[in-house]
Amino acid sequence: MIKKDKALDNIWALRKAISRPNYAVLELLLVKSPRTTRELYSVLEKKFTRKTLIFTLRELSLDLNVIQPTHIRTDIGYSLGYKLNPKIKDVVLGVKKFSKIIENARKV
């Protein structure tokens, strides 16, 4: 069986990072970073399945390095959590800004 190669263009990483579940995680981490894995699951469990969220966190942390795993102090010890990569914060804010510009251009 031959695997088809997907042609990657110049913005493939951005497109992957702003997919619907990935962007939802990025928005939450933009508001408050770091967050525990449980916090992310509890907020997003109504929008996405647990399996989707597991794949999303894996993709954002391991494949794209957009979020960084970290230990977070809790009442009972430490828990696994994620924080937004500092370089990515400006990208997420830029995406929000460009989205508003495109929406306003569409209304004209």
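Keep in mind that this is a model prediction, so the values were computed, not measured.

Chemist: Whenever I open this one, the packing of helix H3 (residues 37-44) against helix H4 (residues 50-63) confuses me. Can you help?
Modeler: Packed helices, taken two at a time, are described by the angle their axes make and the gap between the axes. Remark: H3 packs on H4, axes separated minimally by 11 Å, with the N-to-C direction vectors making an angle of 135°. Classified by the angle between their axes, H3 and H4 sit oblique to one another. Seen from above, H3 lies across H4 with right-handed handedness. Residues Thr-37, Leu-40, Tyr-41 and Leu-44 of H3 touch H4, and the partners they reach there are Arg-50, Leu-53, Ile-54 and Leu-57.

Chemist: What is the right way to look at the pairing of strand E3 (residues 77-84) in this model?
Modeler: The side chains of a regular strand alternate between the sheet's two faces. Bridge analysis of strand E1 (residues 35-36) against E3 gives 2 bridges, and the strand direction is antiparallel. Looking at the pairing, Thr-36 lines up with Gly-81 of E3. Relative to E3, strand E2 (residues 67-74) runs antiparallel, the two being bridged by 8 bridges. When the bridges of E3 are listed, Thr-70 appears paired with Gly-81. Two successive antiparallel strands, E2 and E3, enclose a turn made up of 2 residues.

Chemist: What is the right way to look at the pattern of salt bridges in this model?
Modeler: It is possible for side chains of opposite charge to pair when their charged atoms get near one another. A complete count under the given rule lists 6 salt bridges for this structure. The closest approach of N and O atoms between Glu-39 and Lys-32, which form a salt bridge, is 2.9 Å. Judged by its relative accessible area of 25%, Glu-39 is partly exposed. Since its relative accessible area comes to 39%, Lys-32 is described here as partly exposed. In this structure, Glu-39 engages Arg-35 in a salt bridge whose closest nitrogen and oxygen atoms are separated by 3.9 Å. Taking relative accessible area as the criterion, Arg-35 reaches 11% and is therefore assigned buried. Here the salt bridges share partners, and the residues they tie into one network are Lys-32, Arg-35 and Glu-39.

Chemist: What should I look at first to understand the sheet that holds E2 in this one?
Modeler: Remark on secondary structure: sheet strands pair via backbone hydrogen bonds, oriented parallel or antiparallel. Pairing is antiparallel in the open sheet, where 3 strands are placed in the order E1-E3-E2. Each of the sheet's edge strands pairs with one partner strand only, and the pair in question is E1 and E2.

Chemist: Quick question: what am I supposed to make of H3 here?
Modeler: Each α-helix turn comprises 3.6 residues. Residues three or four places apart therefore point the same way. Among the residues of H3, those classed as buried are Thr-37, Leu-40, Tyr-41 and Leu-44. Down the axis, H3 shows its buried residues gathered within 95° of arc, on one side only.

Scoring rules and cut-offs
Residues numbered from 1 in each chain as written. Predicted model: local features only at pLDDT ≥ 70, side-chain atom pairs only at ≥ 80, totals over all residues. Heavy atoms only, no water. Axes fitted to C-alpha atoms, helices over the stretch in contact; angles between N-to-C directions. Helix = DSSP H or I, 4+ residues; strand = E, 2+ residues; numbered from the N terminus. Parallel < 35°, antiparallel > 145°, perpendicular 65-115°, else oblique. Left-handed = near helix turned anticlockwise from the far one by under 90°. Contact = heavy atoms within 4.5 Å. Pairing = 2+ DSSP bridges. Salt bridge = Lys/Arg side-chain N within 4 Å of Asp/Glu carboxyl O. Buried < 20%, exposed > 50% of the residue type's maximum accessible area, 1.4 Å probe, protein only. Arc of directions from axis to C-beta.

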